[in-house]
There are 2 protein chains.
Amino acid sequence: MLFLIGLGFGDCKDITVRGLEAVRQSSKVYLEAYTSILTVGAEELEKYYGKSIIQADRSFVEQKCVVGDPLAATTHSDLILRARKMGVKTQVIHNASIMNAVGCCGLQLYSFGETVSIVLWQDNWKPTSYYDKIASNRRAGLHTLCLLDIKIKEQSWENLARARDIFEPPRFMRVYEAAQQLIDILDIRSAEGATADSLAYSANSLAVGLARVGTDSQQIAAGSLRQLADSELTLGKPLHSLVLPSEKLHPLEWDMLEIYAIDENWFSENKSRYVKD
Amino acid sequence: MLFLIGLGFGDCKDITVRGLEAVRQSSKVYLEAYTSILTVGAEELEKYYGKSIIQADRSFVEQKCVVGDPLAATTHSDLILRARKMGVKTQVIHNASIMNAVGCCGLQLYSFGETVSIVLWQDNWKPTSYYDKIASNRRAGLHTLCLLDIKIKEQSWENLARARDIFEPPRFMRVYEAAQQLIDILDIRSAEGATADSLAYSANSLAVGLARVGTDSQQIAAGSLRQLADSELTLGKPLHSLVLPSEKLHPLEWDMLEIYAIDENWFSENKSRYVKD
């Protein structure tokens with residue numbers, strides 16, 4: 001039996017009881033650590049499980065334990081299909097993932113559209129295609145969850161060219177960087193001739209930054225994109241995610257977000273734009 | 001402290017270790033049982049937790065334990081806001097919900113659009129508004145998760161009028177009913193003048209039925225909407241959900257769905273419609 005076990009995203013104890021039993025009865029335990037990051041070290045997990053853990057990276061896809069919920073990415077479908085071909089039964093033990101835990105900010109899960117990924121721009125590579133998905137969600141009155149880039153085990157061109165096993169330090173995109181990028185895209189689109197009215201949002205649109213969701217140090221900050229872009233120090237360490245809510249909110253959604261206001265005055269001044277009386 | 005604890009959706013052991021510890025340290029434990037249903041009885045939970053449980057229905061909103069993930073519905077936002085006003089701290093302990101566990105069928109979570117709810121039609125009330133949301137998702141190349149109606153503690157008009165505390169037996173919409181309703185809507189739209197080409201899908205479109213996701217008796221069936229509508233007995237007991245995938249699939253998505261084919265011939269014949277070579 002191949003178990004695919006979601007670990008949630010807090011500490012050792014965010015595994016389900018069923019998942020913990022499966023880990024403890026398994027002969028080998030692999031930790032998949034490249035589609036996300038853990039907030040605890042593998043050593044802590046080993047101590048808690050009473051099992052030694054084999055860490056799996058991208059080049060080692062026989063992984064088993066998975067941060068968040070196991071089936072968010074194709075990697076795990078591929079694993080299941082390969083196991084079936086070998087006659088190995090599989091069982092998935094689900095857990096929370098950012099795709100549902102994002103509800104902690106107070107926005108309704110049912111009102112989210114397509115999730116987008118925002119990548120760290122490089123000098124020669126500045127993809128903006130997710131802008132159109134955000135625009136499409138907003139036209140449909142939907143919130144957009146933006147997952148922020150994670151670069152793990154990346155190699156510089158030089159090290160790659162020379163086949164040197166030297167990796168760059170891991171990089172995790174922060175909310176302030178993503179918010180600035182969203183604003184920069186507006187400038188790019190404007191320069192391309194888009195009128196202010198036709199843009200999907202503005203620097204003064206409501207946005208919500210989330211950090212370390214589901215952990216004891218979880219933080220949420222809500223305000224305009226500009227405020228989030230200017231709040232480099234507000235949300236602390238990774239992992240971060242960003243939500244661009246729709247243009248109309250349920251009053252309870254607004255009230256929940258107000259708890260996390262960067263600037264309460266901004267909330268008072270902008271309420272009528274977002275909530276119908 | 002008010003904990004809002006997700007129970008997942010299998011049995012007692014789908015609670016997280018952190019959640020179980022919170023239940024055991026709480027002085028009162030409420031079970032919220034109207035926004036979903038549990039697959040285990042409250043008595044089993046009581047035995048497992050070593051705690052007595054107070055069942056909360058719609059008229060009793062001080063609930064605490066929540067099937068799935070706690071923050072999918074506004075009810076729980078309301079609870080958090082009320083607790084804050086009373087100076088009570090709150091903590092959410094997340095868990096899997098159908099919104100992410102739907103990935104078990106092999107479709108990519110990132111490719112889902114807005115989630116829709118399909119309600120059981122009544123003689124005088126046949127809402128079809130979710131059709132437009134499905135159409136909008138399909139235009140954007142996105143899958144649609146359809147949550148199926150749950151009627152708990154409903155009263156007949158007569159009992160309601162006479163203020164009698166008599167409730168109808170609970171009803172849970174099944175996949176075959178939802179599939180038939182989706183086909184019926186096509187007829188309604190056609191009768192209203194829509195051409196076959198302009199319809200968002202057809203009775204021969206790929207659909208996926210899911211039953212009791214995350215439990216030991218989980219079942220998945222994939223085929224055309226027509227095949228699902230004709231498969232009354234295939235998926236067994238509630239809870240059911242239905243997915244209408246987008247018109248183009250990742251090859252691995254197709255391969256995963258094929259595992260659950262109602263009719264393998266249909267999959268062979270229709271592969272080229274859904275997967276680019």
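Everything numeric here is computed off the predicted structure, so don't read it as measured data.

Caption draft 1: Local environment of the relation of the copies chain A and chain B. Screw-axis analysis of chain A against chain B gives a translation of 0.0 Å along the axis, an RMSD of 0.0 Å, and a rotation angle of 180°. With respect to symmetry, the two chain copies, as superposed, fit the operation of a two-fold axis. When the interface residues of chain A are mapped onto chain B, 100% of them again fall at the interface, so both copies present the same face.

Caption draft 2: How the structure looks around the interface of chain A and chain B. Tallying the contact residues gives 52 residues for chain A and 52 residues for chain B. Summing both sides of the interface, chain A and chain B together bury roughly 4300 Å²; the carbon and sulfur share of this comes to 60%. The interface formed by chain A and chain B holds eight salt bridges in total. Aspartate 14 of chain B is the salt-bridge partner of arginine 18 of chain A, the closest N and O atoms lying 2.7 Å from each other.

Caption draft 3: Fine view of the nonpolar core. Within the largest apolar cluster, 55 residues are counted, with the highest numbers of intra-cluster contacts made by Val208, Leu210 and Leu257 of chain A together with Val208, Leu210 and Leu257 of chain B. In this structure, leucine 257 of chain A is in contact with Cys105, Leu107, Leu206, Val208, Ala222, Leu249 and Phe267 of chain A, ignoring residues within four places of it in sequence. Residues Ile15 of chain A together with Ala42, Tyr49 and Ile53 of chain B belong to the second largest nonpolar core, which totals 34 residues.

Caption draft 4: Region of the structure containing the side chain of serine 246 of chain B. All names here are of chain B. As for its placement among the helices and strands, serine 246 is situated in the loop between strand 12 (240-244) and helix 9 (251-259). At 2.8 Å, the side chain of serine 246 and the backbone oxygen of lysine 248 are in polar contact. Ignoring any residue separated from it by four or fewer positions in sequence, one finds serine 246 in contact with Arg138, Gly141, Leu142, His143 and Tyr274.

Caption draft 5: Representation of the sheet that holds strand 7 (residues 144-148) of chain A. All names here are of chain A. Spatially, the five strands line up as an open sheet ordered 6-7-12-10-11, and their pairing is mixed. Looking at strand neighbours, the two that pair on one side only are strand 6 (116-118) and strand 11 (219-224), the edges of this open sheet. Sheet twist, expressed as the average angle between the axes of neighbouring strands with direction ignored, equals 25°. Sitting on the sheet, helix 7 (residues 175-191) touches strand 6, strand 7, strand 10 (206-211) and strand 12 (240-244), and the angle it makes with strand 12 is about 35°. Strands strand 10 and strand 11 of the sheet are contacted by helix 10 (residues 264-274), whose axis makes an angle of about 70° with strand 11.

Caption draft 6: Spotlight on the domain arrangement of chain A. What the domain assignment lists for chain A is domain 1 (2-96) and domain 2 (99-274). Distance from the C-alpha centre of domain 1 of chain A to the C-alpha centre of domain 2 of chain A: 28 Å.

Caption draft 7: Just helix 10 of chain A, in detail. All names here are of chain A. Taken together, the buried positions of helix 10 are occupied by Trp266, Phe267, Asn270 and Tyr274. Along the axis of helix 10, the buried residues cluster in a sector spanning 95°; they form a single face. Facing away from the buried side of helix 10 by more than 90 degrees, the exposed set consists of Asn265, Ser268, Glu269 and Ser272. In this structure, the buried side of helix 10 is in contact with strand 10, strand 11, helix 8 (225-229) and helix 9 (251-259). Sitting at the amino-terminal end of helix 10 is aspartate 263, which places a side-chain oxygen 2.8 Å from the backbone nitrogen of asparagine 265.

Caption draft 8: Representation of helix 2 (residues 42-49) of chain B within the structure. All names here are of chain B. Listing the buried residues of helix 2 in full gives Ala42, Leu45 and Tyr49. The arc enclosing the buried residues of helix 2, seen along the axis, measures out at 55°, which places them on a common side. Pointing more than 90 degrees away from the buried face of helix 2 are the exposed residues Glu43 and Lys47. Where helix 2 is buried, its residues meet helix 1 (17-25), strand 2 (30-32) and strand 3 (54-56). Just past helix 2, the residue glycine 50 takes up positive phi, approximately 70°.

Caption draft 9: Structural view of the environment of asparagine 270 of chain B. Residues and elements named next belong to chain B. Along the chain, asparagine 270 turns up in helix 10 (residues 264-274). Each C-alpha atom of the pair asparagine 270 and leucine 257 lies 13 Å from the other, and the pair is 13 residues apart in sequence. In this structure, asparagine 270 is in contact with Asn204 and Trp254, ignoring residues within four places of it in sequence.

What counts, and where the lines are drawn
- Residues numbered from 1 in each chain as written.
- Chains lettered and ligands numbered in written order.
- Predicted model: local features only at pLDDT ≥ 70, side-chain atom pairs only at ≥ 80, totals over all residues.
- Heavy atoms only, no water.
- Least-squares fit on C-alpha atoms with pLDDT ≥ 70 in both.
- Contact = heavy atoms within 4.5 Å.
- Buried area = accessible area lost by both parts, 1.4 Å probe.
- Salt bridge = Lys/Arg side-chain N within 4 Å of Asp/Glu carboxyl O.
- Core = buried A, V, L, I, M, F, W, Y, C linked by side-chain atoms within 4.5 Å.
- Buried < 20%, exposed > 50% of the residue type's maximum accessible area, 1.4 Å probe, protein only.
- Helix = DSSP H or I, 4+ residues; strand = E, 2+ residues; numbered from the N terminus.
- Polar contact = N/O pair within 3.5 Å; in protein donor to acceptor, adjacent residues only side chain to side chain.
- Pairing = 2+ DSSP bridges.
- Axes fitted to C-alpha atoms, helices over the stretch in contact; angles between N-to-C directions.
- Domains from an automatic or database assignment.
- Arc of directions from axis to C-beta.

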